[in-house]
Amino acid sequence: MKRNIIPHDYQVSITDRRKSNNHNSFLLWFTGLSGSGKSTVANVVEQKLYQKGIKTYALDGDNIRKGINKDLTFAPEDRTENIRRIAEIANLMVNAGLVTIAAFVSPYKKDRENIRSIVKDVNFVEIYINTSVEECERRDVKGLYKKARAGEIKNMTGISAPYEAPEQPDIEIKTEEESVDAAAQRILDYITPKLKLNNE
Ligand SMILES: Nc1ncnc2c1ncn2[C@@H]1O[C@H](COP(=O)(O)OS(=O)(=O)O)[C@@H](OP(=O)(O)O)[C@H]1O
Ligand SMILES: Nc1ncnc2c1ncn2[C@@H]1O[C@H](COP(=O)(O)OP(=O)(O)O)[C@@H](O)[C@H]1O
């Protein structure tokens, strides 16, 4: 379909915005099972960045699935659309100069590859929060695993829907072996060089 959409050439660029913030912008994408620890670790990372004066914004289930994506279910095609829209929003935020943090189950490899192509490889940091389904079920932070076992929730990731683990994530956190603070520190150490402005 020919849509005749011609982008307007705005004069304030991503480079200008990064310069005025005095740091680079990129996307930290947390993937993992429900209850694996994505939000817990992401929250500490954001707090530490904020304390250093870094401009951040965090996207998560509450501000997305209750808002812009409230029309979407957990069926595979809706999860794909969920992640696609979030990637587009994240891309706008990266262009606005923010270190953008996103914590979503994002169980499908092809959807995560799509995020990488939307925000560009150089702006994408994939963080795999690797917690076994047994441990997530033991934590059962929201009581969802119990409901899934009782058949009250269909398509529950790890129980009745697949989770395709990243093969080469930029960072892998095994929460059964590493504390929240140690994980957050490892992420901060990884991204600190990326925050520095280069001469674009
Ligand atoms: N069927 C099923 N499977 C997985 N998760 C479920 C499901 N139903 C509801 N929930 C709750 O919704 C949160 C996951 O939403 P996401 O937008 O991250 O999922 S996805 O990326 O589209 O797969 C997830 O939040 P987190 O626990 O923060 O991961 C759950 O609380
Ligand atoms: N090392 C750890 N890293 C992250 N979370 C942990 C860790 N150890 C225990 N937890 C607990 O696991 C739960 C993870 O919940 P949450 O962060 O909401 O997961 P998700 O966002 O992936 O659904 C929290 O109750 C958290 O306190």
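Along each chain, residue indices are assigned from 1 in the same order as the chain's sequence is written. By the order in which they are written, chains take letters starting at A while ligands take numbers starting at 1. The predicted origin of the model limits local features to residues at a pLDDT of at least 70 and limits the giving and counting of side-chain atom pairs to 80 or more, whereas totals for whole chains, interfaces and linings rest on all residues. Neither water nor hydrogens contribute to the side-chain values; these are computed over all heavy atoms in the structure.

1. A word on helix H1 (residues 14-21)
Burial status follows relative accessibility: with a 1.4 Å probe on protein chains alone, a residue under 20% of its type maximum counts as buried, one over 50% as exposed, and anything between as partly exposed. Note on conventions: DSSP H or I runs of at least 4 residues are helices, E runs of at least 2 residues are strands, and numbering of each starts at the N terminus. Residues of H1 that are buried include every one of Thr 15, Arg 18 and Asn 21, and no others. Down the axis of H1, the sector holding all buried residues measures 130°, keeping them to one side. Those residues of H1 that are exposed and aimed more than 90 degrees away from the buried face are Lys 19 and Ser 20. Between two residues, a contact is recorded if the distance between any of their heavy atoms is within 4.5 Å. Check the buried side of H1 and you find it contacts helix H4 (76-95). To be clear, the arc concerns the directions from the helix axis to the C-beta atoms.

2. A closer look at the UniProt feature "active site" (unreviewed entry) in the protein
UniProt positions are given in the numbering used here, feature names are shortened, and annotations may be inferred rather than shown by experiment. Mapped onto this numbering, the UniProt entry gives "active site" (unreviewed entry) at Ser 106. Inspection of the secondary structure assignment puts Ser 106 in the loop between strand S3 (99-103) and helix H5 (109-119). Apart from the residues within four sequence positions on either side, Ser 106 is in contact with Trp 29, Phe 30, Thr 31, Ile 83, Arg 112 and Tyr 163.

3. Things to note about the packing of helix H2 (residues 38-51) against helix H8 (residues 180-195)
Note on definitions: angles span 0 to 180 degrees between N-to-C directions of axes, and those axes are lines fitted to C-alpha atoms, for helices only across the stretch in contact. Following both chains from N to C, one finds H2 and H8 inclined at 50°, their axes separated by 9 Å at the closest point. Overall, the two elements H2 and H8 adopt an arrangement that is oblique. The crossing of H2 and H8 is right-handed. Between H2 and H8, the contacting residues are Thr 40, Val 41, Val 44, Val 45, Lys 48 and Leu 49 on the first element and Val 180, Asp 181, Ala 183, Ala 184, Gln 185, Ile 187, Leu 188, Ile 191 and Leu 195 on the second. Residues of the contact of H2 with H8, tallied by class, amount to eleven nonpolar, two polar and two charged. Orientation labels follow simple angle bins: below 35 degrees gives roughly parallel, above 145 gives roughly antiparallel, 65 to 115 gives roughly perpendicular, and whatever is left gives oblique. Handedness of each helix crossing follows the sense of rotation of the near helix against the far helix: counterclockwise by less than a right angle gives left-handed, clockwise gives right-handed. Under the scheme applied, nonpolar residues are Ala, Val, Leu, Ile, Met, Phe, Trp, Tyr, Cys and Pro; charged residues are Asp, Glu, Lys and Arg; polar residues are all the others, including Gly.

4. So, the pattern of salt bridges
In what follows, salt bridge is the name for a side-chain nitrogen of Lys or Arg lying within 4 Å of a carboxyl oxygen of Asp or Glu. Under the definition given, this model contains eleven salt bridges. The shortest N-O distance in the salt bridge between Glu 137 and Arg 149 comes to 2.7 Å. With Glu 137 in helix H6 (residues 133-139) and Arg 149 in helix H7 (residues 144-149), this residue pair connects regions lying twelve residues apart in the sequence. Overall, Glu 137 belongs to the partly exposed group, its relative accessible area being 25%. Owing to a relative accessible area of 54%, Arg 149 belongs among the exposed residues under this scheme. Glu 178 is the partner of Arg 186 in a salt bridge, and the nearest nitrogen-oxygen pair spans 2.8 Å. A relative accessible area of 35% means that Arg 186 is categorised as partly exposed.

5. Comments concerning the UniProt feature "domain: APS kinase" (unreviewed entry) in the protein
UniProt marks residues 25-174 with the feature "domain: APS kinase" (unreviewed entry), using the numbering shown here. As annotated, residues 25-174 comprises 44% helix and 17% strand, and the C-alpha atoms at either end are separated by 26 Å.

6. Things to note about the site of ligand 2
We call a residue near a molecule or strand whenever a single non-hydrogen atom of that residue lies within 4 Å of it. Gly 35, Lys 38, Ser 39, Thr 40 and Glu 178 are the nearest of the 15 residues found near ligand 2. Distance and chemistry together define a polar contact, namely a pair of N or O atoms within 3.5 Å, with one atom able to donate a hydrogen and the other to accept it when in protein, and with adjacent residues in sequence counting only for side-chain atoms on both sides. For ligand 2, a nitrogen atom lies 3.2 Å from a polar atom in the backbone of Thr 175. In isolation ligand 2 exposes 570 Å². Once the protein is present, 74% of that is buried. A 1.4 Å probe that fits into a set of points on a 1 Å grid over the protein atoms alone but cannot get out defines a cavity; an open set with protein on both sides within 12 Å along at least five of seven lines defines a pocket, and lining residues are those with an atom within 4 Å of a point. Each molecule is checked against the cavity or pocket grid, and it sits inside if more than half of its atoms lie within 2 Å of the grid points. At a threshold of 2 Å from the grid points, most atoms of ligand 2 map onto the largest pocket. Considering each element in turn, the shell around ligand 2 owes the most residues, four residues, to H2. Taken together, the residues of the shell around ligand 2 sort by class into four nonpolar, eight polar and three charged. Method for areas: the Shrake-Rupley scheme with a 1.4 Å probe, in which residue coverage is limited to the protein chains shown.

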